[in-house]
Amino acid sequence: LPIKNEIKMLEIGTGTGIISIYATTKGISSAVATDINPAAVENAKENVRFHNLSHKVKVLKSDLFKNLKNNKFDLIFFNVPFCYTKKRDLSMLERALYDTNYKTINKFVHEAKNYVTKNGKVMIGFSPDFGDINRLKEITKKNNCNLKLVKNIITKRNNFNIKLQIFQLLF
């Protein structure tokens, strides 16, 4: 992620809070970390306290942008639930990885431009090994947005190479 001093960051789907915690220790002035899962929110809050970053990282329960009012951010990052499924009624744990008909991703892409500053960046984490990259491209096109590949990351898990990617949304 483009970590620079004096920028406000929003992390959607924070989980443990690790991205916001890391970013603030590397120079980002403040971060808001959100998650829809109450257990994740409590876990992230505890991790923020543990790292003495309560003055820099605010953790909120929110479904995407719902509880953010009219705040604008210089950097928005969402490690999206990249596994496509048609299954409905997902558990909170399943929602961390699976997105029914990519409705969450679509809503994020549609709304993100309203929460980013004029020169800000909107970034997403994705895995073409587990997700449907063509559907992601359709969603961005439908929302008058382009995907710019910023980083390819290959990680090895149990003798398998897994590709992770960071994209910037260009509005």
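Here, the structure is the one placed above.
We now turn to the structure provided with this report.

### As for the overall build of the protein
Reasoning step 1: Helices and strands together make up the secondary structure of the protein, namely five helices and nine strands.
Reasoning step 2: Order of helices (α) and strands (β) in the protein, N terminus to C terminus: β-α-β-α-β-β-β-α-β-α-β-α-β-β.
Reasoning step 3: Across its three principal directions, the C-alpha atoms of the protein cover 40 × 35 × 30 Å.
Reasoning step 4: The 171 residues of the protein split such that 40% are buried.
Reasoning step 5: Only carbon and sulfur atoms are counted for the fraction: they give 49% of the accessible area of the protein, which is about 9,900 Å².

### Quick notes on the nonpolar core
Reasoning step 1: With 27 residues, the main nonpolar core has Leu-10, Phe-65, Ile-76 and Phe-108 as its most contacted residues.
Reasoning step 2: Sorting the residues of this core by element identifies β1 (8–12), β4 (73–79), α4 (103–112), β7 (116–126), α5 (133–142) and β9 (160–170) as the ones contributing at least two each.
Reasoning step 3: Beyond its immediate stretch of four places on either side in the chain, Phe-108 contacts Ile-12, Leu-64, Phe-65, Ile-76, Phe-78, Val-122, Ile-124 and Leu-169.
Reasoning step 4: If you look at the next biggest cluster of nonpolar residues, it comprises 17 residues, including Ala-31, Val-41, Leu-53 and Val-57.

### Structural notes on helix α2 (residues 38–50)
Reasoning step 1: With 13 residues, α2 should reach 18 Å at 1.5 Å per residue; the first-to-last C-alpha distance of 18 Å fits that figure.
Reasoning step 2: Every buried residue of α2 is listed here: Ala-40, Val-41, Ala-44 and Val-48. In a view along the axis of α2, the buried residues occupy a sector of 100 degrees, so they form one face of it. Projecting away from the buried face of α2 at angles above 90 degrees are the exposed residues Ala-39 and Phe-50.
Reasoning step 3: Close packing links the buried residues of α2 with α1 (18–25), β2 (30–35) and β3 (57–61).
Reasoning step 4: Looking at the residues trailing α2, positive phi occurs at Asn-52, about 55 degrees.

### Some thoughts on the sheet that holds β9
Reasoning step 1: Read from one edge to the other, the open sheet built from seven strands follows the order β3-β2-β1-β4-β7-β9-β8, with strand pairing classed as mixed. Each edge of the sheet is formed by a strand with only one pairing partner; in this case those strands are β3 and β8 (146–157). Neighbouring strand axes in the sheet, compared pairwise and without regard to direction, differ in orientation by 20 degrees on average.
Reasoning step 2: Judged from the five bridges that link them, β7 and β9 form a sheet pairing that is antiparallel. Bridge assignment links Met-123 to a residue of β9, and that residue is Gln-168.
Reasoning step 3: Packing of α2 onto the sheet brings it into contact with β2 and β3, and relative to β3 it is tilted by some 165 degrees.
Reasoning step 4: Together, β7, β8 and β9 form the strand contacts of α5, whose direction differs from that of β9 by roughly 5 degrees.

Calculation notes
- Residues numbered from 1 in each chain as written.
- Predicted model: local features only at pLDDT ≥ 70, side-chain atom pairs only at ≥ 80, totals over all residues.
- Heavy atoms only, no water.
- Helix = DSSP H or I, 4+ residues; strand = E, 2+ residues; numbered from the N terminus.
- Buried < 20%, exposed > 50% of the residue type's maximum accessible area, 1.4 Å probe, protein only.
- Areas by Shrake-Rupley, 256 points an atom, 1.4 Å probe, with all protein chains shown as cover.
- Core = buried A, V, L, I, M, F, W, Y, C linked by side-chain atoms within 4.5 Å.
- Contact = heavy atoms within 4.5 Å.
- Expected span 1.5 Å × (residues − 1).
- Arc of directions from axis to C-beta.
- Pairing = 2+ DSSP bridges.
- Axes fitted to C-alpha atoms, helices over the stretch in contact; angles between N-to-C directions.

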